[in-house]
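Remarks on the overall topology
The lines below spell out each chain.
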Amino acid sequence: MKKPIPSEDTVHRAVLAHLRMRAPKSAVIWHTPNGGSRNVIEAAKLKAMGVMAGFPDVMIWHAGSLYGLELKREKGGRVSAKQAECMAALTREGALCAVAHGVDHAIEILEGWGLIGSQKSKTRAGSEAARV
Ligand SMILES: [Mg+2]
């Protein structure tokens, strides 16, 4: 019997658990809850207040650098046009952004960024792994 592919929510919770355990305590880690269903009035209100469509699932501010990690299921997750547009804008302004397909890939990227116990120095290697 085939092992089911974890949902994006499951991947998201697992990645946050790794970050909470392994990232520097000083790192600011957050999720902007852009997803989910909202009525038209609430959506318009949030947009007027500055909610930005396509924001990466996990944002990390650490040691003067901003990181954005868009999470997808190991198989089948696709980057939307809004997500690609948002990550491109963040990258233009100096953030490091990547798309992770599954927990293992996310850990690899976070290690590449030096945020969770990597032996590597902080590089843009994680961004190069992005499939934006
Ligand atoms: Mg996502």
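You'll find the structure just up there.
Just so it is clear, the structure is predicted and the values come from calculations on it, not from any experiment. (Residues numbered from 1 in each chain as written. Predicted model: local features only at pLDDT ≥ 70, side-chain atom pairs only at ≥ 80, totals over all residues.)

A few points about the overall build of the protein chain
Stated formally: Each helix corresponds to a stretch of at least 4 residues labelled H or I by DSSP, and each strand to a stretch of at least 2 residues labelled E; elements are numbered beginning at the N terminus. Exposure is read from a count of other C-beta atoms within 10 Å of each residue's own; the residue is exposed at 12 or fewer, buried at 20 or more and partly exposed in between. C-beta atoms are placed from the backbone. Contact criterion: two residues are in contact if their C-beta atoms, reconstructed from the backbone, are within 7 Å.
For the protein chain, the helix and strand inventory stands at five helices and four strands. In sequence order, the secondary structure elements of the protein chain are arranged as α-β-α-β-β-α-β-α-α. Across the 132 residues in the protein chain, those meeting the buried criterion constitute 28%. For the protein chain, the proportion of contacts with a sequence separation of at least 24, taken over those separated by at least 6, is 66%.

Comments concerning the pairing of strand β3 (residues 65-72)
If a strand is regular, its side chains alternate between the two faces of the sheet. Short version of the rule: Pairing between two strands is assigned when DSSP locates at least 2 bridges connecting them. Here the term right-handed applies to a crossover when the path leading from its first strand over the helix to its second strand runs clockwise, the strands being oriented away from the viewer.
Counting buried positions along β3 yields six of eight residues, so the element is predominantly enclosed. Here strand β2 (residues 58-62) runs beside β3; their pairing, made up of five bridges, is antiparallel. Opposite Met-59, over in β3, you have Gly-68 as the bridge partner. The antiparallel pairing of β2 with β3 creates a hairpin that spans two residues between the two strands, and Ala-63 there sits at a positive phi of about 50°. Handedness of the crossover joining β3 and strand β4 (residues 96-101) through helix α3 (residues 81-92): right-handed.

Quick word on the sheet that holds strand β1 (residues 28-30)
Neighbouring strands of a sheet are bound in pairs by backbone hydrogen bonds; such pairs are parallel or else antiparallel. The line we're drawing: Only the contacting stretch of a helix is used when fitting its axis, a line to C-alpha atoms as for every element, and angles between N-to-C directions run 0 to 180 degrees.
Taken in spatial order, the four strands make up an open sheet running β1-β2-β3-β4, and their pairing is mixed. Strands with a single pairing partner mark the edges of an open sheet, and in this sheet they are β1 and β4. For this sheet the average axis-to-axis angle between neighbouring strands, irrespective of direction, equals 15°. Pairing of β3 with β4, which is carried by six bridges, proceeds in the parallel orientation. Across the sheet, Leu-69 pairs through a bridge with Ala-98, a residue of β4. Where helix α1 (residues 8-22) meets the sheet, its contacts fall on β1, β2 and β3, and the angle it forms with β3 comes to roughly 145°. Its contacts with the sheet put helix α4 (residues 103-112) on β3 and β4, and the angle it makes with β4 is roughly 155°.

Notes on the pairing of β2
Direction of pairing for β1 relative to β2: antiparallel, over a ladder of three bridges. By the bridge assignment, Trp-30 is partnered in β2 with Met-59.

Some thoughts on the packing of α1 against α4
The axes of two packed helices give the description: the angle between them and the distance between them. Just so we agree on the cut-off: For a crossing to be left-handed, the near helix must be turned anticlockwise from the far one by less than a right angle; the clockwise case is right-handed. Note that Gly is not counted as nonpolar here; it falls among the polar residues with everything else outside the nonpolar set of Ala, Val, Leu, Ile, Met, Phe, Trp, Tyr, Cys and Pro and the charged set of Asp, Glu, Lys and Arg.
Orientation of α1 relative to α4, taken along the N-to-C sense of each, is 35°, at an axis distance of 9 Å. Where α1 crosses over α4, the handedness of that crossing is right-handed. Across the interface between the two elements, Val-11, Ala-14, Val-15 and His-18 from α1 touch Val-103, Ala-106 and Ile-107 from α4. For the contact of α1 with α4, the per-class residue count stands at six nonpolar, one polar and no charged.

Some details on α3
Put simply, the test is: Given a helix with a known number of residues, its expected span is that number minus one, times 1.5 Å. Directions are taken from the helix axis to each C-beta atom, and the arc is the one they span.
Look at α3: 16 Å from first C-alpha to last across 12 residues, which is about the 16 Å you get at 1.5 Å a residue. Among all positions of α3, only Gln-83, Cys-86, Met-87 and Leu-90 are buried. Seen from one end, α3 has its buried residues packed into an arc of 95°, which puts them on one side. Opposite the packed face of α3, turned more than 90 degrees from it, sit the exposed residues Ala-81 and Arg-92. Packing partners of the buried residues in α3 comprise β3 and β4. Once α3 ends, the next one or two residues include Gly-94, with phi positive near 105°.

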